[in-house]
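Notes for the structure review
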Amino acid sequence: MTSSSHRSDLEERRGIVTNLLNLRDQGLLTMEAKRTVAASQGCTVRTIENWIANADQHDGVYTLQPRRRTRLTAEMRGELAIWASNRHSAYKTLHEQGKINVSYSQFTRMITRDLAPGHLASLKDGTAGLREHELRNSRERGVRNQVWEADNLDTKVLVRLRNRIVQPQITQAVDVATDVICGLAVTPHAPSSDAVLAVLRDAILRDEEHGPFGGIPDVIRVDRGSEFTGNAVGQAMRSLKIDRVILPPRTPWRKGTVEAVNGAWTSMFLSGLPGWKDRPAANGKKGRSKGGDEVLLTWEAFVAKVLEWRTWWNTEHVIHDLGGRTPLQAWHDDLTPVRDISRTALHRYTLQTDRSFHVIHASGIRWKNADYYTHERWLRDCIGSHVRLRYTPHHRRTLQVYRAADDRYLGEVYLKDTATPEQKRAVLRGNGRVADRAERDRKRGKRMLAERYAATTEATPAQPLDNLTYQEAERELERLGTPLPDQAPEHIPGPTASWGTTSPVPRQGEHPSRSPHHLPAPTKSWGPQPSTPPHQDTHPDGQETAL
C-alpha cells in the first residue's frame, strides 16, 4: 500500500467515525446502522465499535494506533556483531541462552526492519562494507583546468628492461572537465616525487611537442600516497599557485575521473599486451598467467605504445558523457582562458631547492660529499660566488645552479668521478647476495620457531611433532650462543660474596669525593636479636661464672 492510498483510507475512516458520532449524539445510532457500515468496510460490528471508542479517547477524532512490534534488543545486536551479521548463528546462540522467544522468520524480519543494509554490511565487512552503502553525489564537470585529478596505475604488465623483468607503473594527471590526459610518466618501479614533478612539467607545458592540452590548473586532487604528499611536490604546487587537495584514505570515488581512466587503461589497452599478469591461464589451469610463455615487450617498445594510446584517447576516442565528443573536441569547445608559464620558470618551480647556499670553488661545487663540475665558462667566471642549488629528487647526476643574489639561472653541473658500469653491477650483485642471505636466515628462523602438531580427528590433546634431532639442536644452540636453562655459567659468584657488603656503590652522577654514608649493622637497626640464653664463661677448673 502506498502512502497516498494509506492517507485516503485514513481520511475515509475518520469521516465514517465522525458520522457515527453525530448519529449517536442525535440518538439515531442503531445496531442496524453499525451492521450497514461494517458491511461496506468489510469488517465486523466489533471493529466499528472499536473505531468509535478510539475517537472517544482522542477528542472525537479517529487516530491510527501504531502496531505493537517486537524490536531488537541489545543482546540481539551484540550476537549479530559477534557472528559478523550471520543471522542463523546469532539466532541459534540466543535460543540456546534463552534470550529470545520469537521464531527465526520473525527474527529475520526484525533485523530487516530495524537495521539498515549499511549497518549489516559494517558488521560483516567493517568500514569497507559501510562505505559501499554510502550516498555518493556526482560532481559537476566544471570548466577546463578548473580541477585535475592525479593517480598511479599498476600496469601488471611484465616488461624486459635490459637483463631484468620489471612491472611498470603509470603516473598521470587528468582534466575533470574534458577527460584529457594532460600529463603522463612511466617508471619501471613504484613512483616517487620525481615522477609526479615530471608529470606536472609534461601536463602544464603547451607547445608543438606537448600539444594544445595543459596550462596551470586551479586544483589537483590526489590520494595519500607519499609521492603526492611529499615536500617537493607541495613546494612546486605552492610556487605554481595550485591548490593541492589530499583526499581521505580509501575513498577512490572522490577522484572518479582518473579512476575511470585507469579502468580504461586496463580494459582497452593493457589487457591486450603480452605479459599481462591478470590474464587467465590457458589449458584450463587455475591461477593467473605470469607471462613466462610470452615474448615480452622491451622497455622502449612499451613506453612507445603507452604514449601512442594516450594520443588516441585524447584525439580519437569518443566519450558518451562528453556528448559524443572526443576529449580534443571538448577541450576546444571550452573557451575558458588558460594560465601558461614559460619553460624556464616551470623548470625552476618543479625542482627541489636546497635550503643552504654553496660556494663555487676551483674544483667545482661540493654537495652531499660529492663534487660537481662543468667545462662551461660560467663556472670559472663565478668562482667564489654564492649559489643556490635545485635538483630533481632521487637524481644525483646533475644539479641546476642559480645565483644566490638574484636567483638567476647560471647553468647545469654534473657529478664528477661517477662509478663505472662494472662497479655498479658489482655493487648490485653484492647487495643482492646480502639480501638473499638475510632472506634465507629469516625463513630458517621462521621454520625453527614454528611448532607443528599431528592432525587429529578426535578430541584428544595435541601431539607435537618432534622434527628436531638432538644433534641439530646442539648445533643451533652453539650457532646462536645460547646455553641450556640448566647450564649455569661457572663464573657466577655465590650470593654471600655480594650480599655481605654494607657500603653502597656510589650512584650515577654522585660526586666521587663524597664518602657515602655507611649503613649500620643489621642487628643495631633492626632491633634486638631473638631471645638466646645468656652468655657464660667457663672457669678453667670447670665452674661456670655468670657475667
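Residues numbered from 1 in each chain as written. Predicted model: local features only at pLDDT ≥ 70, side-chain atom pairs only at ≥ 80, totals over all residues. Heavy atoms only, no water.

Here we take up the overall build of the protein. What the protein contains, in helices and strands, is 20 helices and 17 strands. Of all 547 residues assigned to the protein, the portion counted as buried reaches 31%. Across the protein, the fraction of contacts at a sequence separation of at least 24, relative to all contacts at a separation of at least 6, is 57%. (Helix = DSSP H or I, 4+ residues; strand = E, 2+ residues; numbered from the N terminus. Buried < 20%, exposed > 50% of the residue type's maximum accessible area, 1.4 Å probe, protein only. Contact = heavy atoms within 4.5 Å.)

This next bit is on the packing of aromatic side chains. Two numbers describe a pair of aromatic rings. These are the distance of the centres and the angle of the planes. Under the counting rule described, the total for this entry stands at twelve aromatic pairs. Among the aromatic residues, those joined into a ring-pair cluster are Trp265, Phe269, Trp309, Trp312 and Trp313. The lysine or arginine in question, Arg390, covers the ring of Tyr402, its NZ or CZ lying 4.4 Å from the ring centre. If you follow Lys416 out to its NZ or CZ, it ends over the ring of Tyr373, 5.4 Å from the centre. (Phe/Tyr/Trp six-rings, centres within 6.5 Å; stacked < 30°, edge-to-face > 60°. Lys NZ or Arg CZ within 6 Å of the ring centre and 35° of its normal.)

On the surface, Arg162, Arg164, Arg397 and Lys424 cluster together into a patch of positive charge. Note on placement: Lys424 falls in helix 17 (residues 421-449). Given a relative accessible area of 40%, Lys424 falls into the partly exposed group. (Patch = residues over 30% accessible without salt bridge, like charges linked within 9 Å, V, L, I, M, F, W, Y side chains within 5 Å. Areas by Shrake-Rupley, 256 points an atom, 1.4 Å probe, with all protein chains shown as cover. Salt bridge = Lys/Arg side-chain N within 4 Å of Asp/Glu carboxyl O. Lys, Arg positive; Asp, Glu negative; His and termini not counted. Charge placed at Lys NZ, Arg CZ, Asp CG, Glu CD.)

Let us now look at the sheet that holds strand 8 (residues 297-298). Pairing is mixed across the open sheet formed by three strands, whose spatial order is 3-2-8. The strands lining the two open edges of the sheet, one partner per strand, are strand 3 (164-166) and strand 8. Here strand 2 (residues 159-161) runs beside strand 8; their pairing, made up of two bridges, is parallel. Residue pairing for strand 8: Arg160 is matched across the bridge by Thr298. (Pairing = 2+ DSSP bridges.)

Turning next to the pattern of salt bridges. For side chains of opposite charge, pairing can occur when their charged atoms come near one another. Applying the stated criterion to the full structure yields 22 salt bridges. Of the charged contacts, one joins Arg442 and Glu439 as a salt bridge, the two residues approaching to 2.6 Å between their closest N and O atoms. Note that Arg442 and Glu439 are positioned in helix 17 at a spacing of three residues, about one turn of the helix. Its relative accessible area of 46% is what places Arg442 among the partly exposed residues. Among the residues examined, Glu439 registers a relative accessible area of 33% and is labelled partly exposed.

You can see Lys34 is positioned in helix 2 (residues 31-41). The exposure class assigned to Lys34 is buried, which follows from its relative accessible area of 15%. Taking the C-alpha atoms as reference points, Lys34 and Glu49, 15 residues apart in sequence, are found 8.1 Å from one another. With residues up to four places along the chain from it excluded, the contact list for Lys34 reads Leu29, Val45, Ile48 and Glu49.

Trans peptide bonds make up most of the peptide bonds, and negative phi angles are found at most residues other than glycine. Positive phi, normally seen in glycine, also occurs at Lys156, with a value near 55°. Tracing the backbone through its elements, the reader meets Lys156 in the loop between strand 1 (147-154) and strand 2. Its identity is not glycine, yet Lys241 carries a phi of approximately 60°, on the positive side. Structurally, Lys241 is set in the loop between helix 11 (231-239) and strand 7 (243-246).

With that out of the way, let us pick up the sheet that holds strand 5 (residues 181-187). Ordered by their spatial adjacency, five strands build an open sheet running 5-4-1-6-7, and the pairing between neighbours is mixed. Unpaired on one side and paired on the other, strand 5 and strand 7 mark the two borders of the sheet. Neighbour to neighbour, the strand axes of the sheet diverge by 20° on average, direction disregarded. Pairing between strand 4 (residues 169-175) and strand 5: six bridges, direction antiparallel. Across the sheet, residue Ala173 finds its bridge partner in strand 5, namely Gly183. Across the sheet, helix 9 (residues 193-204) is in contact with strand 1, strand 4, strand 5 and strand 6 (219-222); its angle to strand 5 comes to roughly 145°. Taken strand by strand, helix 12 (residues 256-268) contacts strand 1, strand 4 and strand 5, and its axis lies near 35° from that of strand 1. (Axes fitted to C-alpha atoms, helices over the stretch in contact; angles between N-to-C directions.)

With that settled, the discussion passes to the environment of Trp253. Mapping Trp253 onto the fold places it in the loop between strand 7 and helix 12. For Trp253, a relative accessible area of 27% puts it in the partly exposed group. With 115 residues separating them in the primary sequence, Trp253 and Ser138 have C-alpha atoms 9.4 Å apart. Sequence-distant contacts of Trp253, that is, excluding residues within four places in its chain, are made with Arg131, Glu134 and Arg136.

Here helix 9 crosses helix 11 at 25°, and the two axes come no closer than 9 Å. As summarised for this structure, helix 9 and helix 11 are arranged roughly parallel, according to the angle between their axes. Contacts between helix 9 and helix 11 pair Ser193, Val196, Leu197 and Leu200 from the former with Ala232, Val233, Ala236 and Met237 from the latter. (Parallel < 35°, antiparallel > 145°, perpendicular 65-115°, else oblique.)

On to the side chain of Thr187. Mapping Thr187 onto the fold places it in strand 5. The buried category is assigned to Thr187, whose relative accessible area is 10%. Within the structure, Thr187 has its side chain in polar contact with the backbone oxygen of His189 (distance 2.8 Å). Those residues in contact with Thr187 that sit more than four places away from it in its chain are Pro168, Gln169, Ala195 and Trp299. (Polar contact = N/O pair within 3.5 Å; in protein donor to acceptor, adjacent residues only side chain to side chain.)

Such coordinate-based values are descriptive only and should not be taken to indicate function.
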